[in-house]
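# Understanding the architecture of this molecule
This is what each chain is made of:
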Amino acid sequence: MSTLGTCNTTNRHVLNWVNEMVALCQPDRVFWCNGSEEEKQALTEQAVAEGVLIRLNQEKLPGCYYHRSNPNDVARVEQCTYICTDTEAEAGPTNNWAPPKEMKERLYALARGGMKGRTMYVIPYLMGPPGSPLAKVGLELTDSIYVVLNMRIMTRMGDVAFRQLGSSEDFNRGLHCLLDVHPDRRYICHFPRENLIISVGSGYGGNVLLGKKCLALRIGSYLAQQQGWMAEHMLILGVESPSGEKTFVAAAFPSACGKTNFAMLVPPPRFEGWKIWTVGDDIAWMRPGADGRLYAINPEMGYFGVAPGTNARTNPNAMRTIARDTIYTNVALTPDLDVWWEGKDGPPPQECLDWQGRRWTPESREKAAHPNSRFTAPARNNPALAPEFDDPNGVPISAIIFGGRRATTMPLVFEAFNWVHGVFVGATIGSEMTAAAVGGLGQVRRDPMAMLPFCGYNMGDYFRHWLRMRKRLKYPPRIFHVNCFRRDAEGRFLWPGFGENMRVLKWIVDRCRGRANAYETPLGWVPGPEDIDLTGLENFTATDLEKVLDIDIEEWRRELILQEELFLKLYSHLPKEMIFQRELLVARL
Ligand code: GTP
Ligand code: SPV
Ligand code: MN
């Protein structure tokens, strides 16, 4: 076995664990990553030589590369994702559970000798700004060079993590082995008590970039509950008014339901002088500050964003962000080594290779880019990156917005009556399933707080944790619900969305600042027709606004039954407040 790179730590807990895992996986080489520019260059060259990456047209897309995953491995797989707590009740009825000892034996049997002939990369990484009270160190061991190059974009990777760690034992251990990338041998397993993650048999996104969903959300939420903070599937943005007043909001929408787009929103001309700043697009870690407000950091350093639908109109800031130093996964490849996807600017290419490398023309029946094709891009590329991005203390949150993808039932926006009601609203989110996870496309399911696939413990206890957080806040954020995906009878979106979401966001900010009107409805406070500014919005009338804000009692009868199904599932750990909130809603309706 040979050692490559340089090991820049003397932390014996790190060295011991790496040695143990080397003995288990038996790689031919161990490569210690330091996160430097030279290392990135060398590993990129190597990935190109190995055929893992294709160099894109460097004139059009400097520093950009292309990757195709195994066609059986294109999204998160919830049925292969486990929370291994001592008891099944700790994991709760919404998670797959297995006893830690049993699962570890199974995984170690799979990993034994699994890196023979291969290189094990040691990736030290930091989630959160250095020195932040919320920052966490992780160590990912992987035999995928693609994972290394993605982690370098998505996290603060390299020696910065060892500096933060010092001689401490407090770091997340993450082992990732590709094996033969077979769905039958695919497991993404979390051992919260040991702060350990083992992922085998996949090479894609949230299954393998262990800092993201595995550490920042599943392990993170478990630690957060014990330590009195929150780990949430939320974007964070700042709204700056023409007078320079800044209001920060966090928003939880399920996977592929608009967080990246909302976080990068560019206001329409009507809102001249207003500016949206991106703090984060997927994950928020939040804790009560000394002043009684809730402060949020984004633990990530990049965006692993959905490509389809991204264009200069829907998300100009994303287009600028992904113009350089970006890895594209499972999009289409044009003959001049440019990338394409459904919903990109301009007409489709006359001819290209689809995400599986097959010839594609506009006549082809299948999609050229996989619906869950993604870009991995550095946050620093974002022209609207918030100046507060690196602030170790984070930003004070004035509003929390929940949302889902709903063709019917849910109005464009409403405000909860108070924190407990807001927790109920978040707990009962419904959303149509998307391509971000395998299976169930388009079906409405309950996705509490957009955390169904990411909560590392019993969902009922998670609701209780949300309720408890209220007591630790003097100024709790106001809570809202939005739905940008309501459709008409012909299936067309009723609300224009994207940049026009500024009109909704402005009302939310004004509510937080005590200067916007609203009407009481059974669901909560809803803006009146005059409270959402429609100036400059073409082909959208006051009648359309009425439609998108409408509350249909018949639809809500059905919604109540769907909510009840979730509550029955969670019954044994459900806080009584949730049951009371449900009763109050029934009474109001
Ligand atoms: P994850 O990265 O999976 O957590 O997803 P996300 O919540 O960041 O979703 P994202 O912003 O990438 O949006 C997913 C898809 O929804 C993309 O195809 C977008 O173009 C589309 N989308 C986003 N915002 C809107 C909107 O306001 N209206 C409509 N109609 N589509 C939207
Ligand atoms: C999601 O599915 O919510 C994502 C993409 O953000 S992944 O990193 O693959 O989980
Ligand atoms: Mn996500």
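These numbers were taken from a predicted model, which means no experiment stands behind them. (Residues numbered from 1 in each chain as written. Chains lettered and ligands numbered in written order. Predicted model: local features only at pLDDT ≥ 70, side-chain atom pairs only at ≥ 80, totals over all residues. Heavy atoms only, no water.)

### Digging into the layout of surface pockets
There is about 460 Å³ of room inside the second largest pocket. Together, 19 residues line the second largest pocket, and T94, R445, R446, L452 and K569 are the ones closest to its centre. Of all elements in the fold, only β5 (81-83), β29 (444-446) and α15 (553-570) reach the threshold of two or more residues within the lining of the second largest pocket. Looking at the lining of the second largest pocket element by element, the count peaks at four residues for α15. (1 Å grid on protein atoms, 1.4 Å probe; cavity = no way out; pocket = protein on both sides within 12 Å on 5 of 7 lines; lining within 4 Å. Points joined across faces, edges and corners; volume = space filled by probe spheres on them. Helix = DSSP H or I, 4+ residues; strand = E, 2+ residues; numbered from the N terminus.)

### Some words on the sheet that holds strand β4 (residues 65-67)
Think of a sheet as strands paired side by side through backbone hydrogen bonds, with each pair either parallel or antiparallel. An order of β3-β4-β20-β25-β19 is seen for the five strands of this open sheet, with the pairing classed as mixed. Of all the strands in the sheet, just β3 (54-55) and β19 (302-306) have a single pairing partner and so form its edges. (Pairing = 2+ DSSP bridges.)

### Points about the packing of aromatic side chains
Summed over the entire model, instances satisfying the criterion amount to 17 aromatic pairs. Ring plane angle 50 degrees and centroid distance 5.7 Å describe the contact between F402 and W466, whose orientation is recorded as tilted. One end of the pair, F402, is in strand β26 (residues 395-403); the other, W466, is in helix α12 (residues 459-469), and 64 residues separate them in sequence. Accessibility assignment for this pair places F402 and W466 in one class, buried. Three or more aromatic residues joined by ring pairs make a cluster, and in this case those are F402, W419 and W466. Between the NZ or CZ atom of R405 and the centre of the ring of F485, over which it lies, the distance is 4.1 Å. (Phe/Tyr/Trp six-rings, centres within 6.5 Å; stacked < 30°, edge-to-face > 60°. Buried < 20%, exposed > 50% of the residue type's maximum accessible area, 1.4 Å probe, protein only. Lys NZ or Arg CZ within 6 Å of the ring centre and 35° of its normal.)

### Things to note about the site of ligand 2
Around ligand 2 lies a shell formed by R76, G205, G206, K212, K213, H233, S255, D282, F304, R374, A436 and F454. Within the side chain of K213, an N or O atom sits 2.5 Å from an oxygen atom of ligand 2. Separating an oxygen atom of ligand 2 from a side-chain N or O atom of D282 is a distance of 3.4 Å. With the chains in place, 98% of the 290 Å² that ligand 2 exposes on its own is no longer accessible. Looking at the shell around ligand 2, the elements with two or more residues in it are α7 (205-208) and α8 (211-227). Class assignment for the residues of the shell around ligand 2 results in three nonpolar, four polar and five charged. Residue contributions to the shell around ligand 2 reach at least three from each of two domains, namely domain 1 (2-32 + 76-227) and domain 2 (232-298 + 389-573). (Near = heavy atom within 4 Å. Polar contact = N/O pair within 3.5 Å; in protein donor to acceptor, adjacent residues only side chain to side chain. Areas by Shrake-Rupley, 256 points an atom, 1.4 Å probe, with all protein chains shown as cover. Nonpolar A, V, L, I, M, F, W, Y, C, P; charged D, E, K, R; others polar. Domains from an automatic or database assignment.)

### Concerning the site of ligand 1
In the vicinity of ligand 1 lie 22 residues, with A256, K259, N261, P308 and R374 positioned nearest. A distance of 2.7 Å separates an oxygen atom of ligand 1 from a polar backbone atom of A256. Within the backbone of C257, one N or O atom sits 3.3 Å away from an oxygen atom of ligand 1. In isolation ligand 1 has 660 Å² of accessible area, and contact with the protein removes 92% of it. Within the residue set of the shell around ligand 1, elements represented by two or more residues are α9 (259-263) and β19.

### Structural notes on the pairing of strand β11 (residues 187-191)
Most of β11 sits inside the fold, with five of its five residues counted as buried. Taking every second residue as pointing to the same face, both faces of β11 are buried, with Y187, C189 and F191 on one and I188 and H190 on the other. Bridge analysis of β5 against β11 gives three bridges, and the strand direction is parallel. Residue T81 lies in a different strand from β11, and its bridge partner there is I188. Pairing of β11 with strand β12 (residues 196-200), which is carried by five bridges, proceeds in the antiparallel orientation. Its bridge partner lying in β12, H190 is registered against I197. Counting the residues that bridge the hairpin from β11 to β12 gives four residues, and of these N195 lies at a positive phi of roughly 55 degrees.

### With respect to the coordination of the manganese ion (ligand 3)
Donor atoms from the polypeptide that bind the manganese ion (ligand 3) are K213 (NZ), H233 (NE2) and D282 (OD), placed at 2.2 Å. Taken together, the six donor atoms coordinating the manganese ion (ligand 3) span angles of 70 to 174 degrees at the metal, a pattern that classifies the geometry as irregular. Counting the intervening residues between successive donors of the manganese ion (ligand 3) yields the motif K-x19-H-x48-D. Placement of H233 in the loop between β13 (230-232) and β14 (235-240) and of D282 in the loop between β16 (275-280) and β17 (284-288) is noted, with a sequence separation of 49 residues between them. This pair shows no difference in class: H233 is buried, exactly as D282 is. (Donors = N, O, S within 2.8 Å, 3.2 Å for Na, K, Ca; no water. Tetrahedral: all angles 85-135°; square planar, octahedral: opposite > 155°, others 65-115°.)

### Some points on the domain arrangement of the protein
Partitioning the protein into domains gives domain 1 (2-32 + 76-227) and domain 2 (232-298 + 389-573). Relative placement of domain 1 and domain 2: their C-alpha centres are 31 Å apart. Summed over both sides, the interface between domain 1 and domain 2 buries roughly 2,900 Å², with carbon and sulfur atoms accounting for 58% of that surface. Taken as a group, R76, T94 and L134 account for 22% of the area that domain 1 buries against domain 2, more than any other trio of residues on that side. Summed over the shared surface of domain 1 and domain 2, the number is four salt bridges. The salt bridge involving D282 is made with K212; its shortest N-O contact spans 3.0 Å. Remark: the boundary between domain 1 and domain 2 carries 16 residue pairs in polar contact (both at pLDDT 80 or more). Only α3 (88-91) and α8 provide two or more residues apiece to the side of domain 1 that touches domain 2. Counting residues per element, the side of domain 1 that touches domain 2 draws most heavily on α8, which supplies 10 residues. (Buried area = accessible area lost by both parts, 1.4 Å probe. Salt bridge = Lys/Arg side-chain N within 4 Å of Asp/Glu carboxyl O.)

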